[in-house]
Structures are given as structure tokens and as C-alpha cells.
Amino acid sequence: MIPSVLPTYSRADLAFVRGEGAYLIAEDGTRYLDFGAGIAVNALGHAHPKLVAALSEQASRLWHTSNLYRVPGQERLARRLVEATFADTVFFGNSGVEAIECALKMARRFHYARGEGERFRTITFEGAFHGRTLAAIAAGGQPKYLEGFGPKVEGFDQVPFGDLRAVDAAVAQTSAAILIEPIQGEGGLCPATPEFLRALRRLCDERGLLLIFDEVQTGVGRTGKLFAYEWSGVEPDIMAIAKGIGGGFPIGACLATERAASGMTVGSHASTFGGNPLAMAVGNAVLDVVLAPEFLPRVERVANFARQQLAALPSEYPHIFEDVRGQGLMLGLKIKVPNTAFIDELRERKLLAVAAGGNVVRLLPPLIVEEDHVREALRILGEAAAAFPARATEPEAA
Ligand SMILES: *Cc1c(COP(=O)(O)O)cnc(C)c1O
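Because the structure is predicted, anything quoted here is derived from the model rather than measured. Here the residue index of a chain counts from 1 through its sequence in written order. Per-residue local features are limited, in this predicted model, to residues with pLDDT of at least 70; the limit for side-chain atom pairs, both in listing and counting, is 80 or more; totals at the level of whole chains, interfaces and linings are taken over all residues. Where side-chain values are given, they derive from all heavy atoms of the structure, hydrogens and water being excluded.

### Structural notes on the confidence of the model for the chain
Interpreting fine coordinate detail is not advised for predicted regions of low pLDDT. The pLDDT value tells you how sure the predictor is about a given residue, anywhere from 0 up to 100. In this model, the chain carries a mean pLDDT of 96, and residues with pLDDT of at least 70 account for 98%. The model gives residues 393-398 a pLDDT under 50, and that stretch makes zero contacts with residues more than four places away or in other chains. Any two residues whose heavy atoms approach within 4.5 Å at even a single point are treated as in contact.

Encoded structure:
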């Protein structure tokens, strides 16, 4: 019999009832160190007092009015995002994939408004992940997500990640945009080099394409800068963000330059829930914390410490760890045993981590973690690695 919750997830048999900073507390009271952060969502950890206060205060006043009226919280959050980034304007939705969908529609509409409606195709990259709507699985191009869902949405051309020649060859009269994650998240923590991003920018400028960054995972301080593109100095025309900006409240946002957004006239796009007062109260509170002058430098410091500590693992446990990758607090360990089994082992030892492509274990702690949390994670990683060979070889021996 089908479970009452549609069984599309492979879930651990574990439920949490409470969170405190970097820890999650299970039904039986056990504390887990949360280096998954709801898949890079709980940027400020769990039950951050400023977020709790902002949400509670807003909850007692007004939840939802729709976008038929002005929403002051939207205006404030948009203005702050505009001030902090390349962008001139922001559309609010409720998830990463909605931010991506808006970005794709915006790029198509940009060319349409200039009388070039035939330019609707987007170049994307192998290993990419942009979400699970029909358009986003076509953009991501992963067969395992496309299988059985009918004809792939038209308009996506995929090339190998980092291959400038392939991108150049894929640009056609019908190309509207290039869509890329500055660091591939689900794909296995693969960073695009600054040179590659610069080359994409140049190519877009020369050939009249828009450059779209998917910073749904890398954004809002995750890499130690407010947005990952700042590391390269390359600015996109359009950018999708989500995960971290809501700190656990569902928010997605599509940021754009005035030029890129020029086709998005009244009636061209909408969302019923997008940017509602509850979401905006939390988004603004997240920015209050993340934009405080000492916050991001501290993230960078802790991230450097974590990176340094993790770097010792491959030589200490060469049978388990292959390399360390990623940036800031978006870290990955490529390992030599099945990543999901290793993550189970970590969870048994009360450390939560997330799997990624290429057999990578992702460590995405909340941005509020301290060096002691990193030390605790390191100890568990070491213990799990030391414990692993015996169990891992059992099935083969049998
Ligand atoms: C999570 C993610 C998405 C999709 O976000 P949802 O909120 O699950 O729709 C898109 N792009 C990237 C890079 C992501 O990490």
C-alpha cells in the first residue's frame, strides 16, 4: 500500500523535534551536529533568535495579502539585494526552481521584446542541477531525473562543464542565455574557474546572450562572500537564489539587471505566494545578520579552519578519503567507499551530512558554526573512517 506521503524520497528513519543553532534534537532527545543544514538552507542554524523574533512578530500582524497590493517587506528586501549585488530588480518566488524558471523566462522574454523571439535556447552544463520542474530537469539534463516524464522541454543545449570550446560551438542564432552554477552543488562541488566564468561573460557580451548564475546553493554567504560570483569578479545578467535567503522559510528570488529584465512587463510573470509578508520578514532578518560587517569575514575564517582540518583526512585515512573540494562552508569530501553508506555511518555517530554526485560527501554547516563544531565533525569523520573498512568489506567477503 502506498504511504500517505508520496514515496519519492529515500529518507533516513529519523525525525527531529527541535533545533538549537548547529544541532538538531531527535524525538528520543539525541543531539545531532547538523552539517547538512537542510541542504544549505538553514544558513543561521536552527531557531536563531533574530529569525524567530522576526517571524513571530510578523505572524501576529499579517501573513498574506497577495501581489495585488504593495508588500513593503518585498520592497525593502529587494532594495537591499539590489544594493548588495549587480542587480537592479528582484522577483520573489517560493523555491529555487521557481527562481530558475523566472530566470529562464526572463532571458527568453528579453530577446522576444527585442524582436528576436527565435532566440529562446539556453546553454547548460553536464552535472548541473537546477531543480525538478519540467523545464529545470531539461536544463539540468540528467537522465535519471528526465526518465519517464515525456518529451524533454525544448530549448536546452548541454555541454561539458568548463569546456569553453564546446560552449562556443553550441552558441547559435537561437541562443538566448548561458546558465551555470558557479560551484556545482548536487553535481559534486565542482567549482567553475574564474577564467572560465570570465570567458563566458565575454562570449555572452560578444554574441548577445544573457549570463545566468544559479546561486540557489552558493548564495547568501555560503562560500564566504555574499554571493559566489564575487570570488571571480564576473557579474551575471540574471541570478537565481533561494536556499539560504530564507534561513528555512521557503523563499526564492530572481535578481536581474534592468536591461535583462526589460521584457518582463506587467502580466508577464506572477506567483500567488511569492514574497509574502512572512517570507519577507524572515528574508530581511537573514540579511540583517549576514550583512553585519563582522559576519562574512567570520564565515571565511571558520571555513579556512575547516578546510585546513579536512585537508589532513586523505593522508590520515587514504582508504576512505580521496580529496577535499568546494569553497567556504560548501565543502565536499570525495571518498572511495559508497558516499551514502558513509553518510549513514556519520549519522549513527550523530553527524549529519549530505550526498552529492561523483561520490562526494557534502558538508554544509550553518554559517554560524564555530571552530569547536568543526573539531567535533572532524572527530566523527575520523571515527567513521576508522570504523568503515571492517563493515564495508563484509559483503564482499561473504
Ligand atoms: C536546490 C537547488 C535548486 C532547486 O531548488 P528547490 O528549492 O529545490 O526548487 C536549484 N539549483 C541549485 C543549484 C540548487 O542547489
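That shown, we press on.
### Describing the sheet that holds strand β1 (residues 16-20)
Overall, mixed pairing links the four strands, which are arranged β1-β2-β3-β15 in an open sheet. Unpaired on one side and paired on the other, β1 and β15 (351-352) mark the two borders of the sheet. With three bridges connecting them, strand β2 (residues 23-26) and strand β3 (residues 31-34) associate as antiparallel partners. Residue pairing for β3: I25 is matched across the bridge by R31. If DSSP finds at least two bridges between two strands, the strands pair. Segments assigned H or I by DSSP are reported as helices when at least four residues long, segments assigned E as strands when at least two residues long, and all are numbered from the N terminus.

### Quick word on the packing of helix α3 (residues 72-84) against helix α10 (residues 277-290)
Axis separation between α3 and α10 bottoms out at 9 Å; the angle between their running directions is 30 degrees. By crossing handedness, the relation of α3 to α10 is classed as left-handed. Residues G73, Q74, R76, L77, R80 and L81 of α3 touch α10, and the partners they reach there are M280, G283, N284, L287 and D288. Each residue gets one of three labels, nonpolar for Ala, Val, Leu, Ile, Met, Phe, Trp, Tyr, Cys and Pro, charged for Asp, Glu, Lys and Arg, and polar for the others, Gly among them. Here the residues of the contact of α3 with α10 are counted per class, giving four nonpolar, four polar and three charged. Helix axes are fitted to C-alpha atoms over the stretch in contact, other axes to C-alpha atoms as well, and angles between N-to-C directions run from 0 to 180 degrees. Each crossing gets its handedness from the near helix: less than a right angle anticlockwise from the far helix is left-handed, clockwise is right-handed.

### Here we look at the pairing of β2
Relative accessibility decides the category of a residue: with a 1.4 Å probe and only protein chains considered, values under 20% of the type maximum give buried, values over 50% give exposed, and everything between is partly exposed. Of the two faces of β2, both are covered, the one formed by Y23 and I25 as well as the one formed by L24 and A26. The pairing of β1 with β2 spans four bridges and is antiparallel. Within β2, the position partnered with E20 by the bridge is Y23. Where β1 hands over to β2, the hairpin turn is made up of two residues, of which G21 adopts a positive phi near 60 degrees. If you look at the hairpin formed by β2 and β3, you'll find four residues sitting between the two strands, and G29 has a positive phi there, around 95 degrees.

### Observations concerning the domain arrangement of the chain
Domain assignment breaks the chain into domain 1 (50-290) and domain 2 (294-330 + 346-360 + 378-389). Segment limits for the domains were obtained from an automatic or database-derived domain assignment. Centre-to-centre, using C-alpha coordinates, domain 1 lies 28 Å away from domain 2. Taken together, the contact between domain 1 and domain 2 spans 19 residues of the former and 14 residues of the latter. The term buried area means the drop in 1.4 Å probe accessible area that two parts suffer when joined, counted for both and summed. Overall, the association of domain 1 and domain 2 removes approximately 1,400 Å² of surface from exposure, summing both partners, and the carbon and sulfur fraction of that is 66%. When the buried area of domain 1 at its contact with domain 2 is split by residue, L189, R222 and G224 rank highest and sum to 35% of it. Throughout this description, a polar contact denotes any pair of N or O atoms lying within 3.5 Å of each other; where both atoms belong to protein, one of them has to be capable of donating a hydrogen while the other can accept it, and for residues adjacent in sequence the pair is counted only when both atoms sit in side chains. The tally of links between domain 1 and domain 2 comes to three residue pairs in polar contact (both at pLDDT 80 or more). Every element with two or more residues in the side of domain 1 that touches domain 2 is listed here: β8 (183-184) and α10. Counted by class, the side of domain 1 that touches domain 2 contains seven nonpolar, nine polar and three charged residues.

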